[in-house]
Structures are given as C-alpha cells and as structure tokens.
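What follows is each chain in one-letter form.
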Amino acid sequence: MIPLSWYLTLSAVLFTLGVVGVITKRNAISMFMCIELMLNAVNLTFVSFSSYFGDVTGQLFVFIVMTVAAAEAAVGLGIIIAIFRNRETLDVDDASILKL
Amino acid sequence: MVLVVFVIMLLNVEEEARHPARLRYLIPIGVLLAAALIGEAAFMLTLRGGSARIDPTEIPNSGVGLTMSIGTGLFTKYLLPFEVTSVLILMALVGAITLARRADVAKPQSRDDFGTDPAYLPATNTPRGESIIQPGLTAATGRAMAEYQIEHGEAAAREEQGEV
C-alpha cells in the first residue's frame with residue numbers, strides 16, 4: 001500500500017505550485033488555473049484522509065469543494081471575459097482598479 | 001477545466017508578455033516561501049505521519065467509497081451545506097451570465113443603430129464570389145472592363161472578358 005504521507009506530499013507540492021503560480025503569473029487565466037490547482041490539492045488531501053480514517057465525510061467535502069470550484073470558475077471566467085472585452089488584455093496589472 | 005479551455009479559445013490569447021522589471025523581485029521570494037512550505041510539510045510527514053498507511057483492508061464495512069454512503073451523508077447530516085451549494089450555484093449562474101453578456105444586448109435596438117458596420121449593411125445585388133474582378137487581371141484591362149461595363153452593362157462585360 002502507498003503510505004498516506006505520499007499523498008500528502010503530492011498534495012503539498014501541488015498546492016505550492018499553485019501558490020507560486022498565483023504569485024508569479026500575471027496572466028489572468030494562468031492565475032485562474034493555479035487557483036484550481038490549489039483547490040484540487042486540497043481535494044486530494046480530503047480524499048486521502050477520508051480513506052485513511054475510513055470516514056466518508058472527506059469525500060462529501062470534496063463534493064462541496066468541487067461545486068464551489070465550478071461556481072468560482074463560472075464567475076471568474078465571466079469576469080475575465082468582461083475585462084478582456086473592455087481592455088483587450090489579460091494582464092492583471094492592467095486591471096488594477098475596480099472600475100471596468 | 002473545460003470552461004477554461006473554452007474561454008482560452010474565445011479570447012484569442014496571445015503569448016504572455018514578459019515584464020522586464022515589474023514585480024520581478026517577488027519571484028525569489030515566492031520560490032523561497034515555496035521551499036519553506038515544502039520543507040515544513042516534509043518535516044511534519046517524516047516526523048509524525050511517516051508510518052501512516054492507507055490500507056482499506058484494515059477498515060472493513062466502513063462504506064467509504066460507496067455511492068450509498070456518500071448519498072446518505074449528503075442528504076442527512078450535510079443537508080444544509082448541500083442546499084446552500086444549490087443557492088451558490090444559482091447565484092454563480094446568474095452572475096456569470098450577467099458578467100459575460102454584452103452590455104448592449106439588453107437595450108432594444110432599432111435598425112439604424114448598426115451604423116456603417118458592413119456586416120449589417122443591406123445586401124447588394126452582386127452576390128459574393130461573382131465579382132467581375134478576376135485573378136490575373138491587370139489594372140489597364142480592369143479599367144477598360146469597367147468602362148465597357150458602364151456603357152454596356154455587366155453581362156456584356158463578362159462576355160468581353162471571356163473573349164479577351
């Protein structure tokens with residue numbers, strides 16, 4: 001069997017990649033995908049602990065996290081489309097004010 | 001993720017421009033923090049959880065991974081988060097449609113609002129692809145054809161071109 005720590009290490013690596021991407025990337029879609037990566041890293045942790053403890057709660061929370069991620073994706077991509085339509089760019093530095 | 005791909009195709013994104021100096025100093029800091037986070041996780045795992053193993057055979061009849069257990073939990077103990085999620089989805093749906101909609105779609109448009117956009121101009125009598133300008137036509141013969149066409153009409157101009 002694969003030890004739990006391997007799953008947790010992979011999850012930590014994925015989460016860290018997501019954090020580094022959000023910090024360093026300036027493209028809105030790239031940052032968006034990095035946020036998705038962080039969410040999925042947390043999902044992996046949930047599922048690992050759920051399997052480890054024999055408790056189904058973790059999988060239920062993965063359900064809910066996935067739903068929130070889908071809602072976030074819809075709204076975020078709508079915002080990205082609106083920004084691109086107004087500014088013709090995806091660089092977040094060009095969208096540093098709240099006004100469209 | 002499918003949505004992301006759709007948006008990338010929709011937006012016609014170009015190659016990411018590299019900013020030479022802006023926020024460059026954040027990259028080493030980010031890498032440093034990442035290394036710290038990884039080190040922290042590795043430390044905790046080797047210290048505490050190194051011997052922990054996932055073994056489903058140790059937990060018989062727990063119901064983990066079964067659809068029934070997930071459904072039972074979702075509709076009994078975690079019913080409130082489930083219902084709140086449905087409201088969240090509805091709000092996200094409305095918000096996404098509102099954001100991605102064109103600003104002028106909601107307003108009623110008259111026919112004059114289209115202006116001089118050629119896509120909305122009334123169709124001319126000449127169908128597309130049947131222009132009298134043909135490949136291999138020089139400027140001189142084109143001018144001659146145009147003059148001929150003014151005098152004798154378009155059908156005659158086509159005949160003349162066929163003879164030439």
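Residues numbered from 1 in each chain as written. Chains lettered and ligands numbered in written order. Predicted model: local features only at pLDDT ≥ 70, side-chain atom pairs only at ≥ 80, totals over all residues. Heavy atoms only, no water.

A.B. asks: Just to check I follow, could you spell out the overall build of chain A for this structure?
C.D. replies: The number of helices and strands found in chain A is 3 helices and 0 strands. The order of α-helices and β-strands along chain A, N terminus first, is α-α-α. Burial status across chain A gives 47% buried among its 100 residues. The contacts of chain A with a sequence gap of at least 6 include a subset with a gap of at least 24, amounting to 52%. Surface exposure of chain A reaches about 4,900 Å², of which carbon and sulfur atoms provide 72%. (Helix = DSSP H or I, 4+ residues; strand = E, 2+ residues; numbered from the N terminus. Buried < 20%, exposed > 50% of the residue type's maximum accessible area, 1.4 Å probe, protein only. Contact = heavy atoms within 4.5 Å. Areas by Shrake-Rupley, 256 points an atom, 1.4 Å probe, with all protein chains shown as cover.)

A.B. asks: Is there a simple way to explain the environment of T85(B) in this structure?
C.D. replies: Within the element layout of this structure, T85(B) appears in helix α4 (residues 79-100). On the basis of relative accessibility, which here comes to 10%, the residue T85(B) falls in the buried class.

A.B. asks: Looking at this structure, how should I read the interface of chain A and chain B?
C.D. replies: How big an interface is tends to be expressed through the accessible area that disappears when the partners come together. Between chain A and chain B, the contact holds 54 residues from the first and 46 residues from the second. Roughly 4,300 Å² of surface becomes buried between chain A and chain B when both sides are summed, with 78% attributable to carbon and sulfur atoms. One can count 0 residue pairs in polar contact (both at pLDDT 80 or more) joining chain A with chain B. Going through the elements one at a time, α1 (4-24), α2 (28-53) and α3 (57-87) of chain A are the ones with two or more residues in the side of chain A that touches chain B. (Buried area = accessible area lost by both parts, 1.4 Å probe. Polar contact = N/O pair within 3.5 Å; in protein donor to acceptor, adjacent residues only side chain to side chain.)

A.B. asks: I would appreciate a short explanation of the side chain of S50(A) in the present structure.
C.D. replies: One can find S50(A) in helix α2. For S50(A), a relative accessible area of 3% puts it in the buried group. Those residues within four positions of S50(A) in sequence are excluded, and the remaining contacts are D55(A), V56(A), G58(A), Q59(A) and V64(B).

A.B. asks: What exactly am I supposed to notice about the nonpolar core here?
C.D. replies: Across soluble globular proteins, nonpolar side chains have a tendency to be buried as a group. Formed by A28(A), I29(A), F32(A), A73(A), L77(A), I80(A), I81(A), F84(A), L90(A), V4(B), V7(B) and L11(B), the largest nonpolar core amounts to 12 residues. Within the residue set of this core, elements represented by two or more residues are α2 and α3 of chain A together with α1 (2-11) of chain B. Counting residues per element, this core draws most heavily on α3(A), which supplies 5 residues. With 5 residues, the next largest nonpolar core counts V56(A), L60(A), I70(B) and L74(B) among its residues. (Core = buried A, V, L, I, M, F, W, Y, C linked by side-chain atoms within 4.5 Å.)

A.B. asks: Looking at this structure, how should I read the packing of aromatic side chains?
C.D. replies: Describing an aromatic ring pair means giving the distance of the ring centres and the angle of the ring planes. This model, assessed by the stated rule, comprises 5 aromatic pairs over all chains. Here F49(A) and F53(A) contribute two aromatic rings whose centre-to-centre distance is 5.8 Å and whose plane-to-plane angle is 15°, an arrangement assigned as stacked. A residue pair is termed a helical-turn pair when its members lie 3 or 4 positions apart in one helix, as F49(A) and F53(A) do in helix α2 at 4 residues. Centre to centre, the rings of F61(A) and Y78(B) are 5.6 Å apart; their planes meet at 75°, and the pair counts as edge-to-face. Highlighted residues: F61(A) in helix α3 and Y78(B) in the loop between α3 (67-75) and α4, drawn from two different chains. Ring pairing ties together the aromatic residues F46(A), F61(A) and Y78(B), which thus form one cluster. (Phe/Tyr/Trp six-rings, centres within 6.5 Å; stacked < 30°, edge-to-face > 60°.)

A.B. asks: In this structure, what is going on with a nonpolar patch on the surface? I would like to understand it.
C.D. replies: Residues and elements named next belong to chain B. There is a patch of nonpolar side chains on the surface, built from V2, L3, V5, F6 and M9 and spanning about 500 Å² of accessible area. Tracing the backbone shows L3 in helix α1. In this structure L3 comes out as partly exposed when scored by relative accessible area, which is 39%. (Patch = residues over 30% accessible without salt bridge, like charges linked within 9 Å, V, L, I, M, F, W, Y side chains within 5 Å. Salt bridge = Lys/Arg side-chain N within 4 Å of Asp/Glu carboxyl O.)

A.B. asks: Please clarify how the confidence of the model for chain A should be interpreted in this entry.
C.D. replies: Chain-level pLDDT for chain A is 87 on average; 99% of the residues reach the 70-or-more range. The spread of mean pLDDT over the elements of chain A runs between α1(A), the lowest at 88, and α2(A), the highest at 91. (pLDDT = per-residue confidence, 0-100.)

A.B. asks: Is there a simple way to explain the packing of α2(A) against α1(B) in this structure?
C.D. replies: A pair of packed helices is characterised by two quantities: the angle between their axes and the separation of those axes. Contact geometry for α2(A) and α1(B): axes closest at 11 Å, N-to-C directions at 175°. The orientation of α2(A) relative to α1(B) falls into the category roughly antiparallel. Across the interface between the two elements, I29(A), F32(A) and M33(A) of α2(A) pack against V4(B), V7(B), I8(B) and L11(B) of α1(B). Partitioning the contact of α2(A) with α1(B) into residue classes produces 7 nonpolar, no polar and no charged. (Axes fitted to C-alpha atoms, helices over the stretch in contact; angles between N-to-C directions. Parallel < 35°, antiparallel > 145°, perpendicular 65-115°, else oblique. Nonpolar A, V, L, I, M, F, W, Y, C, P; charged D, E, K, R; others polar.)

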